[in-house]
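Coordinate analysis (summary)
Residue strings, one per chain:
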Amino acid sequence: MLATLINAAAIIADPETMSGQAVRFTGTINGYCVHNRGWFSIAVPGATPSYLRVVVRPNFTVPEGVLGATVVA
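Just so it is clear, the structure is predicted and the values come from calculations on it, not from any experiment.

1. Here we look at the sheet that holds strand 5 (residues 51-55)
Strands sit in the order 5-4-3-6 across an open sheet of 4 strands; the sheet is antiparallel. The strands lining the two open edges of the sheet, one partner per strand, are strand 5 and strand 6 (70-72). Neighbour to neighbour, the strand axes of the sheet diverge by 50 degrees on average, direction disregarded. In this sheet, strand 5 lies alongside strand 4 (residues 39-43) in antiparallel orientation, the contact comprising 5 bridges. Across the sheet, Ser-41 pairs through a bridge with Arg-53, a residue of strand 5.

Below you can see the structure in the form of structure tokens.
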């Protein structure tokens, strides 16, 4: 079963409502850890902050050269 698709801005606006839930979101990668490749961030226009950072280590390593790619996480 796939997790519910949520707007990333809604996660930033009220993260407590997502606590304990499996959710999915989509966005454009605008940054990632170039040293350990342990996280990436997506742009969230109109939100404060204007990005959502996703920590993926130790289970996943962000591939090099992903800036600008669309991701579903």
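2. A few points about the pairing of strand 4
When strand 3 (residues 26-32) meets strand 4, the two strands line up antiparallel, connected through 3 bridges. Looking across to strand 4, one finds that Tyr-32 is bridged to Phe-40. Connecting the antiparallel pair strand 3 and strand 4 is a turn made up of 6 residues, with Arg-37 showing a positive phi of about 50 degrees.

Parameters at a glance
- Residues numbered from 1 in each chain as written.
- Predicted model: local features only at pLDDT ≥ 70, side-chain atom pairs only at ≥ 80, totals over all residues.
- Heavy atoms only, no water.
- Pairing = 2+ DSSP bridges.
- Helix = DSSP H or I, 4+ residues; strand = E, 2+ residues; numbered from the N terminus.
- Axes fitted to C-alpha atoms, helices over the stretch in contact; angles between N-to-C directions.

By themselves, these figures tell us nothing about what the structure is for.
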